[in-house]
Each structure stands twice: as C-alpha cells, then as structure tokens.
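What the coordinates show
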Amino acid sequence: MEQLVGTKRETLYDRCLYCFVSQLTYNSQTLDAVQQLRYLPPGVLIDIYVLMSQREDLKEMLFEQMADLEIFERLLRFDPARQKLFLCLATLISRGKQLASQLQQTYTQRYGAQRNDGTPQHTPTKTASKLAKLAKAKLLASPIFTSSSSTTAAAAATPAQMQTTPTCANDSLESMMKSADSLALNSDNVSNFGVDAIDFGLRLGSFLSEAGWLSESIAILKCVATRLKSMEPSKKIRIIYLDCLQRLLHSEACLSNFKSAERTFDLLMELLKELDVNDIPKPLLANTHTQFSEMYFARNEYDDSHMWSVVAMRNLEETTPERIAIDVLRQAGKACVVKRDFQRANILICQAKSRAKRAFGPNHQKYADTLLDYGFFLLNVDSSYQSVNVYKEALDIKRCVFGNRNFHVAIAHEDLSYAYYVHEYNTGNFTCARDHIEKSVGILKHLVPQDHLKLASAKRVKALLLEEIALDKMVEGVDDEGLLKQSEELHKFALQLSLEVFGEENVQTAKLYGNLGRLYQTMNRFEEAERMHQKAIKIKTDLLGPYDYEVGLSIGHLASVYNYQMKKYREAEQLYLRSIEISLRLFGRSYSGLQYDYLGLCHVYETLREYEKYLQYANILENWRILRGQNLTMDKNIYPAINEDCSLEDIKQQFFNMCTHNITACN
C-alpha cells in the first residue's frame, strides 16, 4: 500500500480521512464507496480529494470524480475549496490527466448546443444529494448568484473547513449588485436552468483563467456569452453579459489573442453605450476598465492603457471587493511604470501588494501576482538585485499553487530570467538566467502553438542570453558562431511575429529591432546594426517621446556602434550626451546605465585627443562609481517600499493629486 506523504493526523477528522483514503483500491466495493463521496459536504469532499491526489495509483479515480461537472460545480461554489482545487488540478495535469480540457469540453458540449427552438440541449441529471438540492434551491431563490455553499453544507463541515479564504469577488456578481436593481435571474427572461448554467459557466471560466488554462477559459466564457446574447436584452441580462465579456477579455488579452480581444472590446463598448452608467455597479465598471487597460498594455499601447487605468481608479470605492481593488491598483501601477511615472507606480503597487498579503495571505496566487508587478517596477527603476529576489518569491508561490507545467509559471520563469540577465550583465554569469528561460520555453512549447507571442517573448530573452554567452566565449578566445546564429534566428522569429501582430509602429517591434542591432554589432555587421538601431530610435521616439528610457537605451546602443566600430566619433558624442540627459532625468546620478555612456565618451575624447573633456568625464565616472557603490552597500532604492497601509480614498487622493504631467489623461 502506497503511503501518503506529509499527511497531518492531529485530529480525529484528519485520522478518519486518512484511513478512508488509505484503503481505497480498484474493486467494486471501493468504487461504490467513491461514488457516494458526492453526498458529503464540499469541505470534507475536497479534503478527501487532496489526499487522493497524493497517491499515483488513484489518479484515474480522482480524475473521474473531478471531471464530473456536478461535483466540480459544488466544489467551485464553496470558496474555501478554491486553493485546494488548484492543487488537485495541478497534480492531475502533472500526471497527464487533462482535467481542464475535460471540464471545458463537457461544459460546452452540454450547454453550448442549441435545439431548433433556440434553447440549449441538456439532459437533466439527478441531483446527487439533499445537500446539493438545498444549495440549488438557495441559489435559485436568491436575487443574484450566491458565492458560497449552502448553509446546510457549511454547518456540516468541520471547524477546519470553516476557516474560509476571502470570497473571490470576480467569481460572483452578488457583491457588485448592491448598488443596482435586484438581478432576479429566475425571472421570465431566464429559466432556472439558465441561471444554473450561466452562473457555473462564469465561475468555471474565471477559475480556469486564474489557474492558467486560458484557452479552456475562453471557450467556456464564449459559450456563456452566446447564451446571454440569445436572451431577451433586458437591463439585467445586459449587465451579466457585460460581466461575462470583461472576464472573456481578460483571458483573451492574457493569452495574446488580440483579434478576438478586439472584437470583445467592441462588444463591451457597445454595451456601455446602451446601459446607463448609474445602473452598472461601480466594482464591475472598475473591473471592466481595468481589463481595457490590460489589453492595451499587452499590446504595448501605453497611452491608452494608462488612460483606461485612470478611469478604473475613479470607480474605486471603500466598498469595492478586495480582489477587484487589488487588480485595479496593480494595473494602474503597471501603466504608470511604462509611462515612467514611478512615484505613483510605487504607491499603487506597494498598496496592492500589502492588501493582497493581508487579504489572502503570503502563499496565495493573488499575492504572487502583486509580487510580479513589484518586481517589474523594481527592474524599471534600476533595482535589479531587489527585483530578482521579489521575482524568486513570486515564482515559488506560483509553482506551489499551480505546479510546474503551467502557463502562469512559465511567464514567472521568463520574468525571473530577464531580471537575472539585467542583474548579472556586468558579471557575465548567466547560469541562473539561462536555466529559468529554458524552463519557460520548455513549458510554453507544450501549452501554446509554435508561433505564439508568449513563446516568442521567451525566445527573445533566450536570444539575448545566447548572445552574451557567445560574447564571453569570444573574449576567452573561443569563436562560437553557432550561438550567434541561433540568437539571430530567435530574434528574427520574434520580430516577424511582432510585425504580423502589432505592425511596424509598436514598442515591442522597436525593441526587437534594437535587439537585432546589438546582435549585428557583435557579429561585425555594422551597417545592418546601424539601420536596426535607427529604426528602433525612430519608432520609440514617435510612440514614447524623445525622453523615454527606451529611446535613451537605443540611442546609447547606436552610439556604441559609431564609437567602437564605425569611427563616427562626433555622431557618437552627440548620442552619448542625449542618452546621459535622458538617464539623469529619469533615474538620477547613480543610474547603472550611465557607466556605459561615460566610458563611451571617455573613449571618444581620448581618441579625438580632447583631453580636457576626457578628464572631465573620467572624473564624473569616478564619482558615479563612488555613489553607485554607496547605494549598493546600503541597498538603497530610489523609490523605497511604502509599508503604510492606506484606505482606497487616500490612495485615490494621492494618485490624482500627483497627476501633474498627465493632465489630459487625468481630466
């Protein structure tokens, strides 16, 4: 008999569950007993499933149980089971059992087909237990979807099951609808069957999205959207349709399905025009505008992303559910980062991180999400060492919650790899960076098509690392042309895909031109390098303005080509001075990137025998080294973490009072 590892047995409840699961084997008596599990309260049921997931020989049995829509629906309605559901899902998928796909296929087959009269095909199934009947009756009697299991089920649970986690606000409209008219979904417009199917579809679609199974989430939410669209378009139905579409937009944007996302965005805009804004609950409005911001952020259209994040911020209230408030703050913070509005970004992301930890705990995926955002912020304000540590913590949490073979985990590996790349750029030690990007690419190859943007993004980071590794080998006297060729292929693949999806005038496309420019400099293809950098500078300047960090980065790279390879010293001098000006504006005198510009200028002036200017910048470089060393020794950050908790009204007040250089967006 395989032993259960790490099972706690401190209580009689734990002992009973352990003994029951330990005796499960494949025989008729056991199978009959397993079929009776559905009669248990959901808190007890999920604990049994967690124990079953620890046994390899029970994976088929567990899969059959959890692939049953009626069972999964009961568990999904019981909020304290959510984290354990993630664990069981991850365990089954790691063992080759595609539970997410099975749930999606079963749902869409059952509720997606239409009869001749336009209503869905459905073969009624018997309710599993009195508890399930009571839960269903309570759901249908309520004015809007409930967010927890029935009172009977809760009463039957043990004290261990009664320790709840915060309600998943994005999985229920109940908390959103307090400011709206009662949404009686069991009205003439929606049959009782329709209430059940729609509510479960919204919950299941959001659950799978949060779990990283975005294609399955999209399929389910599209099925629900089609059902809602076919109903009589009352105000009540339109609001639920709005909620469904904003969830769908989130999944599509996360998966980089931008054509579908654009269609969903257009539908949402039409709905918002049809509805009176006062009829839409403010939390739902805030969430919807946050999804708009996310979509534009993923498309690298930062002005629009920032504008919609500001609109979302305006709809925050003290009564906004915590999960929604955290997501609004996170996205607004990221939008501020890419607009180089670091002071406001620091406030928003730190507050989101603090709220997530307080509301959900330090081992929750929502807290990990805020850590990824904070790592992104730190990397952009030149705090790469702190960024690496934050990304590592976020990755550890994601892996514990979702397992190793997961979309969200792959993205976290890529983020950490790039942070390591930036942090270790001077040392040339890219072992950790390469390890994490290989894991990211390996996971994504199994989850997305070969021409997917997310896979291309991971391959771009891998290309950067291969180039640096090849450079180090060249310094050691080893000519590794193979690594450079592989890097070029990866960069070209990413560039071609970016051109197809985003077009020429896009920040991501410009970055990829710049990456190729640096690679061609390494490969001694200097004219090609010059053209790539010039393209990058023009696109970035047109989109971001002349003083953006990305513009300064590309200017510095072109200056390096002119200085060290093409002997265009006066052109290099002017570019270095422009790059220095941008860096000082954004980051101050201790910014790490200034080192390369100061060294470049010293080389220019030494070559031109302008020794007075050479000494001037040699002195500036020495002062930079002293200041940089002091900051590193004291672990000093330009934007220290904000640990003081604030109310949402205080955060909004700080946010809008700081809005000085983006007056148009804020008004």
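With that settled, the discussion passes to the overall build of the protein chain. Along the backbone of the protein chain there are 31 helices and 0 strands. The buried share among the 667 residues of the protein chain stands at 58%. By sequence separation, contacts in the protein chain at least 24 residues apart represent 71% of the contacts at least 6 residues apart. Of the accessible surface of the protein chain, which amounts to about 28,300 Å², a share of 51% is contributed by carbon and sulfur atoms.

Here we come to the nonpolar core. One broad rule of soluble globular proteins: the nonpolar side chains tend to lie buried together. By size, the foremost hydrophobic cluster in this structure holds 197 residues, and its most contacted members are Tyr49, Tyr107, Met313 and Phe377. Among the elements that make up this core, the one with the highest residue count is helix α22 (residues 453-475) (11 residues). Among all residues touching Tyr107, those that are not within four sequence positions of it are Leu69, Gly112, Ala197, Ile198, Phe200, Gly201, Leu204, Ile220, Cys223 and Val224.

Moving on, we get to the side chain of His408. Within the secondary structure, His408 is located in helix α20 (residues 407-423). The exposure class assigned to His408 is buried, which follows from its relative accessible area of 16%. There is a polar contact of 3.1 Å between the side chain of His408 and the backbone oxygen of Ser209. Beyond its immediate sequence surroundings of up to four residues, His408 is in contact with Ser209, Glu210, Ala211, Gly212, Lys398 and Phe402.

Turning next to a negative patch on the surface. Together, Glu318, Glu644, Glu649 and Asp650 make up a negatively charged patch on the protein surface. By the secondary structure assignment, Glu649 is in helix α30 (residues 648-657). Its relative accessible area of 39% is what places Glu649 among the partly exposed residues.

Tallied over the entire structure, the rule returns 47 salt bridges. For Lys84, the salt bridge identified is with Asp47, shortest N-O distance 2.6 Å. Of the two residues, Lys84 is situated in helix α6 (residues 82-94) and Asp47 in helix α3 (residues 42-53); the sequence distance between them amounts to 37 residues. When its relative accessible area of 30% is taken as the criterion, Lys84 is described as partly exposed.

The subject of this paragraph is the environment of Gly588. Tracing the chain through its elements places Gly588 in the loop between α27 (569-587) and α28 (594-607). Along the primary structure Gly588 and Ile638 are separated by 50 residues, whereas in three dimensions their C-alpha atoms are 8.6 Å apart. Apart from the residues within four sequence positions on either side, Gly588 is in contact with Ser583 and Leu594.

Attention shifts here to the packing of helix α17 (residues 342-360) against helix α18 (residues 365-380). In the contact formed by α17 and α18, the axes pass within 9 Å of each other and the chain directions differ by 160 degrees. In terms of axis orientation, α17 runs roughly antiparallel to α18. Crossing of α17 over α18 shows left-handed handedness. Contacts between α17 and α18 pair Phe342, Ala345, Asn346, Ile349, Cys350, Ala352, Lys353, Ala356, Lys357 and Phe360 from the former with Lys366, Tyr367, Thr370, Leu371, Asp373, Tyr374, Phe377 and Asn380 from the latter. Its residues assigned to classes, the contact of α17 with α18 shows 11 nonpolar, 3 polar and 4 charged.

Attention shifts here to the side chain of Ser217. Relative to the elements of secondary structure, Ser217 occurs in helix α11 (residues 214-229). Looking at Ser217, the relative accessible area reads 0%, which means it is buried. For Ser217, the contacting residues outside a window of four places in its chain are Gly205, Leu208, Ser209 and Ser251.

So, on to unusual backbone geometry. Non-glycine residue Ser256 carries a positive phi angle of around 65 degrees. Relative to the helices and strands, Ser256 is located in the loop between α12 (235-254) and α13 (258-274). The class for Ser256 is buried, based on a relative accessible area of 14%. Even without being a glycine, Asn300 presents a positive backbone phi close to 65 degrees. A relative accessible area of 11% means that Asn300 is categorised as buried.

A turn of α-helix holds 3.6 residues, and therefore any two residues three or four places apart point the same way. The end-to-end C-alpha separation of α13 is 24 Å, in line with the 24 Å expected for 17 residues at 1.5 Å each. Among all positions of α13, only Phe258, Ser260, Ala261, Thr264, Phe265, Leu268, Leu271 and Leu272 are buried. Seen from one end, α13 has its buried residues packed into an arc of 145 degrees, which puts them on one side. Among the exposed residues of α13, those pointing more than 90 degrees away from its buried face are Lys259, Arg263 and Lys273. Where α13 is buried, its residues touch α11, α12, α14 (282-298), α22 and α23 (481-501).

Viewed as axis vectors pointing N to C, α27 and α28 meet at an angle of 155 degrees, and their least axial separation amounts to 9 Å. Considering their axes alone, α27 and α28 lie roughly antiparallel with respect to each other. In the packing of α27 onto α28, the handedness of the crossing is left-handed. Residue-level inspection shows Tyr569, Ala572, Glu573, Tyr576, Leu577, Ser579, Ile580, Ser583 and Leu584 of α27 in contact with α28, the latter providing Leu594, Tyr596, Asp597, Tyr598, Gly600, Leu601, His603, Val604, Tyr605 and Thr607. Class assignment for the residues of the contact of α27 with α28 results in 12 nonpolar, 5 polar and 2 charged.

To continue, consider the confidence of the model for the protein chain. On average, residues of the protein chain carry a pLDDT of 85, and 84% of them reach 70 or more. Under a pLDDT of 50 for its full length, residues 122-193 has, in the predicted model, 142 contacts with residues more than four places off or in other chains. Taken as a whole, residues 660-667 scores under 50 in pLDDT and shows 12 contacts with residues more than four places along the chain or in a different chain.

What counts and what doesn't
Residues numbered from 1 in each chain as written. Predicted model: local features only at pLDDT ≥ 70, side-chain atom pairs only at ≥ 80, totals over all residues. Heavy atoms only, no water. Helix = DSSP H or I, 4+ residues; strand = E, 2+ residues; numbered from the N terminus. Buried < 20%, exposed > 50% of the residue type's maximum accessible area, 1.4 Å probe, protein only. Contact = heavy atoms within 4.5 Å. Areas by Shrake-Rupley, 256 points an atom, 1.4 Å probe, with all protein chains shown as cover. Core = buried A, V, L, I, M, F, W, Y, C linked by side-chain atoms within 4.5 Å. Polar contact = N/O pair within 3.5 Å; in protein donor to acceptor, adjacent residues only side chain to side chain. Patch = residues over 30% accessible without salt bridge, like charges linked within 9 Å, V, L, I, M, F, W, Y side chains within 5 Å. Salt bridge = Lys/Arg side-chain N within 4 Å of Asp/Glu carboxyl O. Lys, Arg positive; Asp, Glu negative; His and termini not counted. Charge placed at Lys NZ, Arg CZ, Asp CG, Glu CD. Axes fitted to C-alpha atoms, helices over the stretch in contact; angles between N-to-C directions. Parallel < 35°, antiparallel > 145°, perpendicular 65-115°, else oblique. Left-handed = near helix turned anticlockwise from the far one by under 90°. Nonpolar A, V, L, I, M, F, W, Y, C, P; charged D, E, K, R; others polar. Expected span 1.5 Å × (residues − 1). Arc of directions from axis to C-beta. pLDDT = per-residue confidence, 0-100.

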